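As a plain string of letters, each chain reads:
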Amino acid sequence: MKEILAPILIFLFLGIIMGALLAVAAKLFHVKKDERAERILSCLPGANCGGCGYAGCSALADAIVEGKAAVSACAVGGEDVGIKVAEIMGAALENSVRMRAQVMCGGIDGCASKKYAYSGTNDCAAAEKLGGGDKTCAYGCIGLGSCAAHCPFGAISVRSGIASVDPEKCRGCGICVNYCPKGIIKLIPFDSSYYARCSSKDGGKAVRSYCEKGCVSCRICEKACRNGAIKVISGAAEIDYSLCSGCGKCADKCPRDVIQSIREMKF
Amino acid sequence: MSNIFLIVFGAVLTENFIFSRFYGICPFLGVSDKPSTALGMGMAVTFVMTVSSAATYCAYYLLLKPFGLEYLKTIAFILVIAALVQFIEMFLKKYAPSLYGALGIYLPLITTNCAVLGAALVNIQEQRSFIESVMFGASSALGFTMAICVFAGVRAKMEFSNPPKAFRGFPILLIAAALAAMAFSGFSGMKF
């Protein structure tokens, strides 16, 4: 009987001592935390992507409570989360538009010529150092997928030599923008309909010599647009989304398929 | 004194917890993706292993041995270590918020870590004294820290390598870990 009773009593004793110790410690060492931080944390997406510039969602929640960050600081959660956070903080929500990333290059394999065969480190920044990558175009997507490797949502994949963003998966955090050595990933409004997929600053003749899909600055799109939303700025067409009505006239007129509908991306 | 030196040297190099005893492999593979997180994990393990070596020594020789309950040491140690880590976590949160910020997220992860429990059990098995036990706990945790930091460096290099498709991800990690373990097996020939 003693062999069974002794362990039970000892462990009961140990358990009670430990339980009491923790209970006392919980009271004694209780840290008063701002309730709002916890409530904000429960609203945030919880992806800990770091897109806001803070080390994860709980750090952002603390920063919002302390007033260091805006209530709409979370780009990933967008408006829905912004409204909830604003309610908790009792502040008004500034306008925030859901954004998504877009790679402004259409130079897929076979369309854009290459100047050498790259077989080095699998990283865009490394390839950029070797004469600006293997494409003849100095502004084209290198296609080694450094953006894809750093996307916390798995929204970017490299298809036929250029990175492409899945609009459904992209949350607009903007991390990929910082990892592109060419700086050709742009954040555009989520519900925009058209984008111009070329970033080349070269003139028309040069672009024509190395890429079948590049913008040759012909300015036909400028004439087609009634709102003046599309302009050829330093060698490539750019859309001002605050003016664009999404009519698609520019895309119809573009002789080189540079302007693309987001819904029917054709390669 | 030479005894202590042997324990420290053995725990860090010849009997390294990761590379020759194969304890604590899960944090070794799990949180070694960045050198900074690896160091944080290593510091937390060092802290917990040192304190738990002392606590389990007391629990064994003051509570279990007098009642002839040596066979229950594994369960008792888990209970003691888990409660102790919880207590330390609360204490740090209150009195050392900066240390809590650095170790905080790792502390709950290692309450039931096999390396922590392993150190306690090895101490009992080798019938070490109190000082020796604490030294063994601290130095084998330092060995763990060294291993995980070295491996984090290897992983940072591997980010830019281009292994065959079948080896990408975990397979190549395990191969790298195996090569590191082989290098460490060179120490096992050292005798004093």
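This report concerns the structure included in the present document. Residues take numbers from 1 onward in each chain, read along the sequence in its written order. Lettering of chains starts at A and numbering of ligands starts at 1, both following the order in which they are written. Thresholds applied to this predicted model are a pLDDT of at least 70 for local features of residues and 80 or more for the giving and counting of side-chain atom pairs; totals over whole chains, interfaces and linings are not thresholded and use all residues. Here the side-chain values reflect all heavy atoms present in the structure, with hydrogen atoms and water set aside.

Broken down by element type, chain A carries ten helices and eight strands. Between buried and exposed lies partly exposed: a residue is buried under 20% and exposed over 50% of the maximum accessible area for its type, with that area taken using a 1.4 Å probe on protein chains only. Scored against the burial criterion, the 267 residues of chain A give a buried share of 43%. What makes two residues a contact is simply this: any of their non-hydrogen atoms within 4.5 Å. Contacts spanning at least 24 positions in sequence make up 58% of the contacts within chain A whose residues lie at least 6 apart. We get accessible surface area from the Shrake-Rupley algorithm with a probe of 1.4 Å; when it comes to residues, only the shown protein chains can shield them. Just so you have it, chain A exposes about 14200 Å², and 55% of that area is on carbon and sulfur atoms. Only DSSP runs of H or I covering at least 4 residues are called helices, and only runs of E covering at least 2 are called strands; the numbering of each starts at the N terminus.

Another aspect to go through is the packing of helix α1 (residues 2–14) of chain B against helix α7 (residues 130–158) of chain B. Helix-helix packing is described using two parameters, namely the angle between the two axes and the distance between the axes. All names here are of chain B. Packing of α1 against α7 brings their axes to within 7 Å, and their N-to-C directions diverge by 30°. Regarding the angle of α1 to α7, the classification is roughly parallel. The two elements α1 and α7 cross, and the hand of that crossing is right-handed. Facing α1, whose interface residues are Asn 3, Ile 4, Ile 7, Val 8, Ala 11, Val 12 and Leu 13, α7 presents Ile 131, Glu 132, Met 135, Phe 136, Ser 139, Ser 140, Gly 143 and Met 146. In this description, a line fitted to the C-alpha atoms serves as the axis of each element, helices being fitted only across the stretch in contact, and the angle between N-to-C directions of two axes falls anywhere from 0 to 180 degrees. Orientation is classified from the angle alone, with under 35 degrees giving roughly parallel, over 145 giving roughly antiparallel, 65 to 115 giving roughly perpendicular, and any other angle giving oblique. The crossing is said to be left-handed when, going from far helix to near helix, the turn is anticlockwise and less than a right angle, and right-handed when the turn is clockwise.

This brings us to the packing of helix α2 (residues 35–43) of chain A against helix α4 (residues 78–89) of chain A. Residue and element names in this part refer to chain A. The N-to-C vectors of α2 and α4 enclose an angle of 170°; their axes lie 9 Å apart at closest approach. It follows that α2 is roughly antiparallel to α4 by the angle criterion. Judged by the sense of rotation from one axis to the other, the crossing of α2 with α4 is right-handed. Residues Arg 36, Arg 39, Ile 40 and Cys 43 of α2 lie in contact with α4, whose contacting residues are Val 81, Lys 84, Val 85, Ile 88 and Met 89. Amino acid classes used here: Ala, Val, Leu, Ile, Met, Phe, Trp, Tyr, Cys and Pro are nonpolar; Asp, Glu, Lys and Arg are charged; the rest, including Gly, are polar. Grouping the amino acids of the contact of α2 with α4 by side-chain chemistry returns six nonpolar, no polar and three charged.

Here we come to the interface of chain A and chain B. On the chain B side, the residues contacting the 20 residues of chain A number 19 residues. One side-chain nitrogen of Lys or Arg within 4 Å of one carboxyl oxygen of Asp or Glu is enough to make a salt bridge. Counting the contacts that link chain A with chain B gives zero salt bridges. Any N or O atom pair separated by 3.5 Å or less is treated as a polar contact, with the protein-specific requirement of one donor-capable and one acceptor-capable atom, and with residues adjacent in sequence counted only for side-chain atom pairs. Taken together, the connections running from chain A to chain B amount to zero residue pairs in polar contact (both at pLDDT 80 or more).

With that out of the way, let us pick up helix α1 (residues 2–28) of chain A. To estimate the expected span of a helix, subtract one from its residue number and multiply by 1.5 Å. Taking 1.5 Å per residue, 27 residues should reach 39 Å; α1 of chain A reaches 38 Å between its end C-alpha atoms and fits that length. Within the sequence span of α1 of chain A, burial applies to Ala 6, Pro 7, Ile 10, Phe 11, Leu 14, Met 18 and Ala 25 of chain A. Those residues of α1 of chain A hidden inside the fold are in contact with α3 (35–64) and α4 (73–95) of chain B.

Turning our eyes to something else, we now look at the pairing of strand β6 (residues 230–233) of chain A. Residue and element names in this part refer to chain A. Burial of β6 is one-sided: the residues Ile 230 and Val 232 facing one way are buried, the residues Lys 231 and Ile 233 facing the other way are not. Here, a strand pair is defined by DSSP locating no fewer than two bridges between the strands. Inspection of the sheet shows β6 paired to strand β7 (residues 236–239) by four bridges, in the antiparallel sense. For Ile 233, the partnering residue across the bridge sits in β7 and is Ala 236. Turn length for the β6-β7 hairpin, with the two strands adjacent in sequence and antiparallel, is two residues, and the turn residue Ser 234 shows positive phi of about 40°.

Here the focus is a nonpolar patch on the surface. Exposure above 30% relative accessible area and the absence of a salt bridge qualify a residue for a patch, where like charges join within 9 Å and nonpolar side chains (Val, Leu, Ile, Met, Phe, Trp, Tyr) within 5 Å. On the surface, Met 1, Leu 5, Leu 9, Leu 12 and Ile 16 of chain A cluster together into a nonpolar patch covering about 560 Å² of accessible area. Here Met 1 of chain A is to be found in the segment before α1.

In this section: the packing of aromatic side chains. All names here are of chain B. Only Phe, Tyr and Trp rings are paired, with Trp represented by its six-membered ring, and only when their centres lie within 6.5 Å; those with planes under 30 degrees apart are stacked, over 60 edge-to-face, the remainder tilted. For the coordinates displayed, the defined rule picks out 15 aromatic pairs over all chains. Arranged with centres 5.1 Å apart and planes meeting at 80°, the rings of Phe 17 and Tyr 23 form a pair that is edge-to-face. Residue Phe 17 is classed as buried on the basis of its relative accessible area of 0%. In this structure Tyr 23 comes out as partly exposed when scored by relative accessible area, which is 25%. Pairing Phe 91 with Tyr 95 gives two aromatic rings, centres 5.2 Å apart and planes at 45°, and the pair type is tilted. Of the two residues, Phe 91 and Tyr 95 both sit in helix α4, four residues apart, roughly one turn of that helix. Its relative accessible area of 52% is what places Tyr 95 among the exposed residues. Among the aromatic residues, those joined into a cluster by ring pairs are Phe 19, Phe 28, Phe 151, Phe 184 and Phe 187. Two thresholds decide whether a charge sits over a ring: the Lys NZ or Arg CZ must be within 6 Å of the ring centre and within 35 degrees of the ring normal. It is Arg 128 that lies over the ring of Phe 136; its NZ or CZ is 4.2 Å from the centre.

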